[in-house]
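Listed here are the chains, written in short residue letters.
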Amino acid sequence: MRLSIVVPCYNEEDVIDTFDARVRATLNALDIEHELCYIDDGSSDATLEHLRVLAERNADTTRYVSFSRNFGKEAGMLAGLREATGDAVVIMDADLQHPPELLERMLELHAAGHDQVVARRTREGDRFLRSLLSRVYYRLINKMVDVELTNGVGDFRLLSRRAVDALLSLPEYNRFSKGLFSWIGFDTVTFDYDNVAREAGATKWRFSSLVNYGIDGLISFNSRPLRLGIHAGLTLSGLAVLYAIWTTVAAIIGGISQPGYVTLIVAIAGLGGLQMVMIGLVGEYIGRIYYESKRRPHFLIKETNVPRETFRGPGAGVQAVLSRSAVIPQERWPAEASTTVGRPTA
Ligand code: UDP
Ligand code: MG
(Lines give C-alpha, C1' and ligand atoms only; values in the text may rest on other atoms or scores of the structure.)
(Ligands and ions follow the chains in the order given, each with its own letter.)
Protein backbone atom coordinates (compact mmCIF):
# COMPACT_ATOMS: atom_id res chain seq x y z
CA MET A 1 0.00 0.00 0.00
CA ARG A 2 1.41 3.36 -1.12
CA LEU A 3 -0.14 6.67 -0.15
CA SER A 4 0.14 9.81 -2.25
CA ILE A 5 -0.47 13.21 -0.71
CA VAL A 6 -1.55 15.87 -3.19
CA VAL A 7 -0.88 19.45 -2.10
CA PRO A 8 -1.89 22.47 -4.21
CA CYS A 9 0.19 25.48 -3.15
CA TYR A 10 -0.30 29.09 -4.08
CA ASN A 11 1.97 31.58 -2.33
CA GLU A 12 2.63 29.31 0.62
CA GLU A 13 6.32 30.07 1.25
CA ASP A 14 5.64 30.77 4.93
CA VAL A 15 4.13 27.43 5.72
CA ILE A 16 5.28 24.90 3.16
CA ASP A 17 8.37 23.72 5.07
CA THR A 18 6.43 23.22 8.29
CA PHE A 19 3.78 21.37 6.33
CA ASP A 20 6.31 19.06 4.74
CA ALA A 21 7.96 18.30 8.07
CA ARG A 22 4.70 17.63 9.88
CA VAL A 23 3.28 15.38 7.19
CA ARG A 24 6.49 13.39 6.81
CA ALA A 25 6.73 12.94 10.55
CA THR A 26 3.17 11.64 10.66
CA LEU A 27 3.66 9.29 7.73
CA ASN A 28 6.93 7.94 9.08
CA ALA A 29 5.29 7.31 12.44
CA LEU A 30 2.54 5.40 10.66
CA ASP A 31 5.23 3.49 8.81
CA ILE A 32 3.53 3.72 5.46
CA GLU A 33 5.10 3.94 2.04
CA HIS A 34 4.32 7.38 0.64
CA GLU A 35 4.99 10.20 -1.80
CA LEU A 36 4.21 13.91 -1.61
CA CYS A 37 2.97 15.57 -4.80
CA TYR A 38 3.21 19.35 -4.66
CA ILE A 39 1.66 21.61 -7.24
CA ASP A 40 2.93 25.16 -7.36
CA ASP A 41 -0.01 27.05 -8.80
CA GLY A 42 1.99 29.89 -10.34
CA SER A 43 3.01 31.38 -7.00
CA SER A 44 4.55 34.82 -7.10
CA ASP A 45 6.57 34.24 -3.92
CA ALA A 46 9.36 31.76 -3.22
CA THR A 47 7.12 28.68 -3.00
CA LEU A 48 8.81 27.07 -6.01
CA GLU A 49 12.30 27.56 -4.54
CA HIS A 50 11.09 25.90 -1.35
CA LEU A 51 9.67 22.99 -3.34
CA ARG A 52 12.96 22.51 -5.19
CA VAL A 53 14.78 22.27 -1.89
CA LEU A 54 12.21 19.88 -0.43
CA ALA A 55 12.39 17.72 -3.55
CA GLU A 56 16.16 17.59 -3.34
CA ARG A 57 16.09 16.64 0.33
CA ASN A 58 13.70 13.73 -0.21
CA ALA A 59 14.22 12.93 -3.84
CA ASP A 60 12.46 9.53 -3.87
CA THR A 61 9.31 10.64 -2.14
CA THR A 62 8.76 14.17 -3.44
CA ARG A 63 7.26 15.21 -6.73
CA TYR A 64 6.50 18.71 -7.74
CA VAL A 65 4.95 20.45 -10.69
CA SER A 66 5.02 24.16 -11.24
CA PHE A 67 2.43 25.86 -13.44
CA SER A 68 3.24 28.61 -15.90
CA ARG A 69 0.75 30.89 -14.10
CA ASN A 70 -2.01 30.70 -11.52
CA PHE A 71 -4.63 28.28 -12.86
CA GLY A 72 -6.64 27.89 -9.65
CA LYS A 73 -6.91 25.17 -7.04
CA GLU A 74 -9.12 22.95 -9.20
CA ALA A 75 -6.40 22.72 -11.86
CA GLY A 76 -3.84 22.14 -9.12
CA MET A 77 -5.77 19.22 -7.68
CA LEU A 78 -6.23 17.74 -11.15
CA ALA A 79 -2.51 17.94 -11.83
CA GLY A 80 -1.81 16.32 -8.47
CA LEU A 81 -4.19 13.45 -9.12
CA ARG A 82 -2.57 12.85 -12.50
CA GLU A 83 0.87 12.97 -11.00
CA ALA A 84 0.10 10.69 -8.05
CA THR A 85 0.97 7.03 -8.36
CA GLY A 86 -0.20 5.72 -5.00
CA ASP A 87 -2.89 3.13 -4.27
CA ALA A 88 -4.71 5.84 -2.38
CA VAL A 89 -4.49 9.61 -2.60
CA VAL A 90 -5.16 12.24 0.05
CA ILE A 91 -5.72 15.85 -1.03
CA MET A 92 -4.51 18.35 1.55
CA ASP A 93 -4.15 22.13 1.82
CA ALA A 94 -0.65 23.44 2.36
CA ASP A 95 -1.68 25.76 5.20
CA LEU A 96 -2.07 22.97 7.80
CA GLN A 97 -5.80 23.59 8.07
CA HIS A 98 -6.07 19.92 7.27
CA PRO A 99 -4.38 18.31 10.29
CA PRO A 100 -1.94 15.55 9.27
CA GLU A 101 -2.89 13.66 12.44
CA LEU A 102 -6.16 12.72 10.74
CA LEU A 103 -4.33 10.63 8.16
CA GLU A 104 -4.28 7.67 10.51
CA ARG A 105 -8.04 7.72 10.90
CA MET A 106 -8.47 8.08 7.15
CA LEU A 107 -6.25 5.11 6.44
CA GLU A 108 -8.15 2.99 8.96
CA LEU A 109 -11.46 3.80 7.32
CA HIS A 110 -9.95 3.16 3.90
CA ALA A 111 -8.69 -0.21 5.08
CA ALA A 112 -12.22 -0.97 6.22
CA GLY A 113 -13.24 -0.78 2.58
CA HIS A 114 -14.30 2.81 1.93
CA ASP A 115 -13.30 4.36 -1.38
CA GLN A 116 -13.74 7.95 -0.26
CA VAL A 117 -12.94 8.99 3.28
CA VAL A 118 -14.07 12.57 3.85
CA ALA A 119 -13.02 14.79 6.74
CA ARG A 120 -15.69 17.38 7.42
CA ARG A 121 -14.70 20.48 9.33
CA THR A 122 -16.92 22.14 11.87
CA ARG A 123 -17.67 25.80 11.27
CA GLU A 124 -16.19 26.83 14.59
CA GLY A 125 -14.19 30.04 14.45
CA ASP A 126 -15.83 31.14 11.21
CA ARG A 127 -17.39 34.53 11.31
CA PHE A 128 -21.09 34.29 12.14
CA LEU A 129 -22.32 35.81 8.92
CA ARG A 130 -20.17 33.55 6.78
CA SER A 131 -21.28 30.37 8.49
CA LEU A 132 -24.91 31.47 8.35
CA LEU A 133 -24.61 32.20 4.64
CA SER A 134 -23.01 28.82 4.00
CA ARG A 135 -25.79 27.06 5.88
CA VAL A 136 -28.49 28.83 3.90
CA TYR A 137 -26.59 28.25 0.66
CA TYR A 138 -26.26 24.50 1.20
CA ARG A 139 -29.93 24.23 2.21
CA LEU A 140 -30.98 25.90 -1.02
CA ILE A 141 -28.49 24.35 -3.37
CA ASN A 142 -29.31 20.80 -2.41
CA LYS A 143 -32.84 21.41 -3.57
CA MET A 144 -31.50 22.49 -6.94
CA VAL A 145 -28.61 20.26 -7.91
CA ASP A 146 -28.58 16.56 -8.62
CA VAL A 147 -25.50 15.72 -6.57
CA GLU A 148 -25.32 15.95 -2.81
CA LEU A 149 -23.24 18.91 -1.56
CA THR A 150 -22.47 19.03 2.15
CA ASN A 151 -21.65 22.06 4.26
CA GLY A 152 -18.15 21.93 5.73
CA VAL A 153 -16.97 19.22 3.37
CA GLY A 154 -14.03 20.48 1.39
CA ASP A 155 -11.32 18.83 -0.59
CA PHE A 156 -9.66 17.14 2.37
CA ARG A 157 -10.30 13.51 1.64
CA LEU A 158 -8.77 10.16 0.87
CA LEU A 159 -9.56 8.63 -2.50
CA SER A 160 -8.93 5.05 -3.50
CA ARG A 161 -7.14 4.38 -6.76
CA ARG A 162 -10.38 3.56 -8.55
CA ALA A 163 -12.01 6.75 -7.28
CA VAL A 164 -9.01 8.74 -8.56
CA ASP A 165 -9.22 7.01 -11.93
CA ALA A 166 -12.93 7.79 -12.05
CA LEU A 167 -12.21 11.49 -11.41
CA LEU A 168 -9.49 11.51 -14.06
CA SER A 169 -11.91 10.09 -16.60
CA LEU A 170 -14.08 13.20 -16.34
CA PRO A 171 -12.71 15.50 -19.04
CA GLU A 172 -14.65 18.70 -18.40
CA TYR A 173 -12.86 22.02 -18.38
CA ASN A 174 -14.99 23.69 -15.72
CA ARG A 175 -14.24 21.53 -12.73
CA PHE A 176 -16.27 21.87 -9.57
CA SER A 177 -14.61 19.20 -7.47
CA LYS A 178 -17.11 19.22 -4.64
CA GLY A 179 -19.72 18.10 -7.13
CA LEU A 180 -17.40 15.72 -9.00
CA PHE A 181 -16.48 13.87 -5.80
CA SER A 182 -20.13 13.35 -5.13
CA TRP A 183 -20.96 12.50 -8.74
CA ILE A 184 -18.49 9.59 -9.00
CA GLY A 185 -20.15 7.91 -6.04
CA PHE A 186 -18.40 4.86 -4.53
CA ASP A 187 -18.58 3.94 -0.90
CA THR A 188 -18.11 7.20 1.01
CA VAL A 189 -17.67 7.77 4.72
CA THR A 190 -17.49 11.11 6.53
CA PHE A 191 -16.06 12.07 9.91
CA ASP A 192 -15.86 15.42 11.68
CA TYR A 193 -12.87 17.36 12.88
CA ASP A 194 -12.54 20.71 14.60
CA ASN A 195 -11.82 23.63 12.36
CA VAL A 196 -8.17 24.71 12.53
CA ALA A 197 -6.89 28.20 11.81
CA ARG A 198 -4.38 28.73 9.03
CA GLU A 199 -0.78 28.28 10.23
CA ALA A 200 0.71 31.21 8.31
CA GLY A 201 0.08 33.27 5.21
CA ALA A 202 -3.36 34.45 4.17
CA THR A 203 -6.45 32.89 2.62
CA LYS A 204 -6.96 33.41 -1.10
CA TRP A 205 -10.72 33.62 -0.81
CA ARG A 206 -12.46 36.93 -0.99
CA PHE A 207 -16.18 37.35 -0.56
CA SER A 208 -16.70 37.85 -4.28
CA SER A 209 -14.84 34.64 -5.09
CA LEU A 210 -17.08 32.80 -2.64
CA VAL A 211 -20.17 34.16 -4.40
CA ASN A 212 -18.74 33.04 -7.73
CA TYR A 213 -17.93 29.63 -6.28
CA GLY A 214 -21.54 29.42 -5.14
CA ILE A 215 -22.77 30.17 -8.65
CA ASP A 216 -20.39 27.52 -10.03
CA GLY A 217 -21.89 24.98 -7.67
CA LEU A 218 -25.34 25.84 -8.83
CA ILE A 219 -24.63 25.71 -12.52
CA SER A 220 -22.06 22.96 -12.87
CA PHE A 221 -24.35 20.06 -12.26
CA ASN A 222 -27.61 20.59 -14.07
CA SER A 223 -29.80 22.90 -16.09
CA ARG A 224 -32.49 23.19 -13.46
CA PRO A 225 -32.03 26.97 -13.02
CA LEU A 226 -33.13 27.33 -16.66
CA ARG A 227 -36.20 25.29 -15.87
CA LEU A 228 -36.90 27.60 -12.94
CA GLY A 229 -36.73 30.53 -15.36
CA ILE A 230 -39.45 28.93 -17.49
CA HIS A 231 -41.57 28.40 -14.38
CA ALA A 232 -41.16 32.01 -13.30
CA GLY A 233 -42.05 33.20 -16.81
CA LEU A 234 -45.17 31.04 -16.91
CA THR A 235 -46.28 32.19 -13.46
CA LEU A 236 -45.83 35.85 -14.35
CA SER A 237 -47.68 35.45 -17.67
CA GLY A 238 -50.53 33.79 -15.80
CA LEU A 239 -50.63 36.66 -13.31
CA ALA A 240 -50.60 39.19 -16.16
CA VAL A 241 -53.62 37.51 -17.78
CA LEU A 242 -55.49 37.54 -14.46
CA TYR A 243 -54.62 41.20 -13.95
CA ALA A 244 -55.81 42.06 -17.46
CA ILE A 245 -59.14 40.32 -16.85
CA TRP A 246 -59.48 42.09 -13.52
CA THR A 247 -58.86 45.59 -14.94
CA THR A 248 -61.19 44.92 -17.89
CA VAL A 249 -63.98 43.77 -15.62
CA ALA A 250 -63.38 46.71 -13.28
CA ALA A 251 -63.51 49.12 -16.22
CA ILE A 252 -66.80 47.62 -17.47
CA ILE A 253 -68.41 47.76 -14.05
CA GLY A 254 -67.00 51.02 -12.71
CA GLY A 255 -66.22 52.88 -15.91
CA ILE A 256 -62.72 53.88 -17.08
CA SER A 257 -60.48 55.00 -14.25
CA GLN A 258 -56.82 56.09 -14.17
CA PRO A 259 -54.80 52.88 -13.83
CA GLY A 260 -51.99 52.93 -11.31
CA TYR A 261 -48.72 54.51 -12.28
CA VAL A 262 -46.91 52.68 -9.46
CA THR A 263 -48.17 49.30 -10.66
CA LEU A 264 -46.74 50.05 -14.08
CA ILE A 265 -43.30 51.06 -12.88
CA VAL A 266 -43.04 48.15 -10.46
CA ALA A 267 -44.04 45.71 -13.17
CA ILE A 268 -41.52 47.12 -15.64
CA ALA A 269 -38.68 47.18 -13.14
CA GLY A 270 -39.50 43.75 -11.72
CA LEU A 271 -39.85 42.06 -15.08
CA GLY A 272 -36.80 43.85 -16.46
CA GLY A 273 -34.74 42.59 -13.54
CA LEU A 274 -35.99 39.06 -13.92
CA GLN A 275 -35.22 39.09 -17.61
CA MET A 276 -31.70 40.31 -17.02
CA VAL A 277 -31.09 37.55 -14.51
CA MET A 278 -32.41 34.93 -16.90
CA ILE A 279 -30.35 36.25 -19.83
CA GLY A 280 -27.30 36.21 -17.58
CA LEU A 281 -28.06 32.65 -16.60
CA VAL A 282 -28.47 31.52 -20.19
CA GLY A 283 -25.27 33.37 -21.03
CA GLU A 284 -23.48 31.56 -18.23
CA TYR A 285 -24.38 28.18 -19.70
CA ILE A 286 -23.40 29.30 -23.18
CA GLY A 287 -20.11 30.61 -21.83
CA ARG A 288 -19.42 27.20 -20.37
CA ILE A 289 -20.15 25.52 -23.70
CA TYR A 290 -17.78 28.00 -25.32
CA TYR A 291 -14.96 27.14 -22.91
CA GLU A 292 -15.56 23.40 -23.14
CA SER A 293 -15.53 23.56 -26.93
CA LYS A 294 -12.10 25.18 -26.99
CA ARG A 295 -10.63 22.03 -25.46
CA ARG A 296 -7.78 23.92 -23.86
CA PRO A 297 -5.56 22.13 -21.39
CA HIS A 298 -6.45 22.69 -17.74
CA PHE A 299 -2.97 23.98 -17.00
CA LEU A 300 0.49 24.42 -18.47
CA ILE A 301 3.59 23.18 -16.74
CA LYS A 302 6.68 25.31 -16.40
CA GLU A 303 8.87 23.00 -14.39
CA THR A 304 8.64 19.58 -12.78
CA ASN A 305 10.73 16.75 -11.40
CA VAL A 306 8.15 14.17 -12.43
CA PRO A 307 9.37 11.83 -15.15
CA ARG A 308 7.20 12.29 -18.20
CA GLU A 309 6.09 8.68 -18.47
CA THR A 310 4.60 8.52 -14.99
CA PHE A 311 2.44 11.54 -15.57
CA ARG A 312 -0.84 10.29 -16.89
CA GLY A 313 -1.67 11.88 -20.21
CA PRO A 314 -0.10 12.80 -23.54
CA GLY A 315 2.47 15.55 -23.47
CA ALA A 316 2.19 15.67 -19.73
CA GLY A 317 5.09 16.47 -17.52
CA VAL A 318 6.79 18.65 -20.07
CA GLN A 319 4.37 20.84 -21.89
CA ALA A 320 0.69 20.57 -21.43
CA VAL A 321 -1.74 18.13 -20.01
CA LEU A 322 -4.56 17.82 -22.45
CA SER A 323 -8.05 17.69 -21.15
CA ARG A 324 -8.81 14.46 -22.95
CA SER A 325 -5.73 12.66 -21.77
CA ALA A 326 -7.36 10.59 -19.09
CA VAL A 327 -9.59 8.76 -21.52
CA ILE A 328 -6.99 7.98 -24.18
CA PRO A 329 -5.17 4.73 -23.38
CA GLN A 330 -1.43 5.08 -23.49
CA GLU A 331 -0.89 2.84 -26.50
CA ARG A 332 -3.09 5.12 -28.56
CA TRP A 333 -1.33 8.37 -27.69
CA PRO A 334 -0.41 10.22 -30.83
CA ALA A 335 3.35 10.39 -31.23
CA GLU A 336 3.41 14.12 -31.81
CA ALA A 337 1.25 14.90 -28.80
CA SER A 338 4.26 15.07 -26.56
CA THR A 339 5.31 18.32 -28.14
CA THR A 340 1.88 19.75 -28.84
CA VAL A 341 0.43 22.35 -26.57
CA GLY A 342 -3.30 22.44 -26.37
CA ARG A 343 -4.17 20.70 -29.61
CA PRO A 344 -4.87 17.01 -29.29
CA THR A 345 -4.33 15.23 -32.56
CA ALA A 346 -6.04 11.95 -31.69
N1 UDP B 1 -4.63 27.32 -3.65
C2 UDP B 1 -4.16 27.05 -4.93
N3 UDP B 1 -4.47 27.92 -5.97
C4 UDP B 1 -5.21 29.04 -5.77
C5 UDP B 1 -5.72 29.28 -4.47
C6 UDP B 1 -5.42 28.42 -3.44
O7 UDP B 1 -3.50 26.04 -5.15
O8 UDP B 1 -5.44 29.76 -6.73
C9 UDP B 1 -4.31 26.41 -2.55
C10 UDP B 1 -3.70 27.08 -1.34
O11 UDP B 1 -2.29 27.19 -1.47
C12 UDP B 1 -4.07 26.14 -0.21
C13 UDP B 1 -5.43 25.62 -0.66
O14 UDP B 1 -5.50 25.85 -2.07
O15 UDP B 1 -3.17 25.05 -0.10
C16 UDP B 1 -6.57 26.30 0.06
O17 UDP B 1 -6.47 27.69 -0.08
P18 UDP B 1 -6.83 28.69 1.11
O19 UDP B 1 -6.18 28.25 2.38
O20 UDP B 1 -6.51 30.06 0.61
O21 UDP B 1 -8.41 28.51 1.20
P22 UDP B 1 -9.28 28.37 2.55
O23 UDP B 1 -8.59 27.36 3.42
O24 UDP B 1 -9.29 29.72 3.16
O25 UDP B 1 -10.62 27.89 2.06
MG1 MG C 1 -6.83 27.44 4.09
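Our subject is the structure listed above.
The following refers to the structure shown. (Residues numbered from 1 in each chain as written. Chains lettered and ligands numbered in written order. Predicted model: local features only at pLDDT ≥ 70, side-chain atom pairs only at ≥ 80, totals over all residues. Heavy atoms only, no water.)

### Things to note about the side chain of glutamate 74
Argument step 1. Position of glutamate 74 relative to the elements: it lies in helix H3 (residues 73-83).
Argument step 2. No salt bridge is formed by the buried glutamate 74; the nearest opposite charge belongs to arginine 175, separated by 5.3 Å.
Argument step 3. Leaving out residues up to four positions away in the same chain, glutamate 74 has contacts with Arg175, Phe176 and Ser177. (Helix = DSSP H or I, 4+ residues; strand = E, 2+ residues; numbered from the N terminus. Buried < 20%, exposed > 50% of the residue type's maximum accessible area, 1.4 Å probe, protein only. Lys, Arg positive; Asp, Glu negative; His and termini not counted. Salt bridge = Lys/Arg side-chain N within 4 Å of Asp/Glu carboxyl O. Contact = heavy atoms within 4.5 Å.)

### A few points about the pattern of salt bridges
Argument step 1. For the structure shown, the criterion picks out 14 salt bridges.
Argument step 2. Of the charged contacts, one joins glutamate 35 and arginine 2 as a salt bridge, the two residues approaching to 2.9 Å between their closest N and O atoms. With a gap of 33 residues between them, glutamate 35 in strand E2 (residues 33-40) and arginine 2 in strand E1 (residues 2-9) connect regions that are remote in the sequence.
Argument step 3. When its relative accessible area of 24% is taken as the criterion, arginine 2 is described as partly exposed.
Argument step 4. Ionic pairing is found between glutamate 284 and arginine 288, a salt bridge with its closest N-O pair at 3.3 Å. Within this pair, glutamate 284 and its partner arginine 288 are both found in helix H10 (residues 261-294), separated by four residues, close to a single helical turn.
Argument step 5. Overlapping salt bridges bring together Arg2, Glu33, Glu35 and Arg63 as one network.

### A closer look at the site of ligand 1
Argument step 1. Taken together, 16 residues sit near ligand 1, with Glu12, Asp41, Asp95, Gln97 and Thr203 positioned nearest.
Argument step 2. At 2.8 Å from an oxygen atom of ligand 1 is found a main-chain nitrogen or oxygen belonging to proline 8.
Argument step 3. In this structure, glutamate 12 approaches ligand 1 through a side-chain N or O atom, which is 2.6 Å from an oxygen atom.
Argument step 4. Bound to the protein, ligand 1 loses 86% of the 530 Å² it would expose on its own. (Near = heavy atom within 4 Å. Polar contact = N/O pair within 3.5 Å; in protein donor to acceptor, adjacent residues only side chain to side chain. Areas by Shrake-Rupley, 256 points an atom, 1.4 Å probe, with all protein chains shown as cover.)

Function-wise, these values are silent; they only describe arrangement.
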